[in-house]
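Structural overview for review
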Amino acid sequence: MKRYCQHLTLRDDPDLVEKYVEAHSHVWPEIIEGQHAVGILSMEIYRAGRDLFMIVDTVDDFDWERDMDRLAVLPRQAEWEAYVAQFQGCDPSAPSSEKWHRMDKIFDSEK
């Protein structure tokens, strides 16, 4: 299994932050199905104020660029990205890699 961690800061608007949280309590089924179809095993998002932290666990042969490109063209994915972009304060047509910023692991208590 591979793990990716990313960060994003939401727009500075408490109402939009709450709408973003609400949207993620009702993620469209096609979005979850698409994630699984490209090799994403699980995805979690945590929030502290406007800051978001995402953990993505994938299959071993997952390639971030290749498989996220595959995900981007699956049913309703572009629509979902455009919808949540209003809360993220970014261009709705921007790829995930321009919205979310991958983080490097600097500590692991198991190694």
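Cut-offs applied
- Residue positions are given per chain, counting from 1 as you read along its sequence in written order.
- Only residues with pLDDT of 70 or above have their local features reported here, since the model is predicted, and side-chain atom pairs are shown and tallied only from 80 upward, although totals for entire chains, interfaces and linings are computed over all residues.
- Based on all heavy atoms of the structure, the side-chain values leave hydrogens and waters out of the count.
- In this description a helix means any DSSP run of H or I spanning at least four residues, a strand means any run of E spanning at least two, and both kinds are numbered starting from the N terminus.
- Burial here depends on accessible area, computed with a 1.4 Å probe over protein chains only, as a share of the maximum for the residue type. Under 20% is buried, over 50% is exposed, and the range in between is partly exposed.
- Working rule for contacts: check all heavy atoms of both residues, and any pair within 4.5 Å makes them a contact.
- Here a salt bridge means any side-chain nitrogen of Lys or Arg lying within 4 Å of a carboxyl oxygen belonging to Asp or Glu.
- The criterion for strand pairing is that DSSP finds at least two bridges linking the strands in question.
- Paired rings are identified among Phe, Tyr and Trp, the last through its six-membered ring, by centres lying within 6.5 Å, and are further divided according to the angle between planes into stacked (under 30 degrees), edge-to-face (over 60) and tilted (the rest).

Notes on the environment of Trp28
Inspection of the secondary structure assignment puts Trp28 in the loop between helix H1 (14-23) and helix H2 (29-37). Using a relative accessible area of 19% as the deciding quantity, one classes Trp28 as buried. Separated by 52 residues in sequence, Trp28 and Trp80 place their C-alpha atoms 8.1 Å apart. Excluding anything up to four places from it in sequence, Trp28 contacts Arg76, Glu79 and Trp80.

Some thoughts on the pattern of salt bridges
All told, the structure shown has nine salt bridges when counted by the stated rule. In this structure, the salt-bridge partner of Arg102 is Glu65, at a minimum N-O distance of 3.8 Å. Note that Arg102 is positioned in strand E4 (residues 101-102) and Glu65 in helix H3 (residues 64-72), a separation of 37 residues in sequence. Given a relative accessible area of 43%, Arg102 falls into the partly exposed group. Accessibility expressed as a relative area gives 48% for Glu65, which makes it partly exposed. The salt bridge involving Arg70 is made with Asp67; its shortest N-O contact spans 2.7 Å. Taken together, the positions of Arg70 and Asp67, both in helix H3 and three residues apart, correspond to about one turn of that helix. Given a relative accessible area of 39%, Arg70 falls into the partly exposed group. Taken together, the shared-partner salt bridges connect Glu30, Arg76 and Glu79 into one network.

A word on the sheet that holds E4
The four strands are arranged E2-E3-E1-E4 in an open sheet whose pairing can be described as antiparallel. Each edge of the sheet is formed by a strand with only one pairing partner; in this case those strands are strand E2 (40-48) and E4.

Some points on the packing of aromatic side chains
Summed over all chains, the structure comprises eight aromatic pairs. Ring centres of Trp28 and Trp80 lie 5.0 Å apart, and the angle between their planes is 75°; on these two criteria the pair is classed as edge-to-face. Linking Trp28 in the loop between H1 and H2 with Trp80 in helix H4 (residues 77-88), this pair joins segments that are 52 residues apart in sequence. By the burial criterion, Trp28 is buried, and Trp80 matches it.

What about unusual backbone geometry?
If you check the backbone angles, Arg76 has positive phi at about 70° while not being a glycine. Counting through the fold element by element, Arg76 comes out in the loop between H3 and H4. Note on Arg76: relative accessible area 33%, which makes it partly exposed.

Interpretation in functional terms is not warranted from these geometric data alone.
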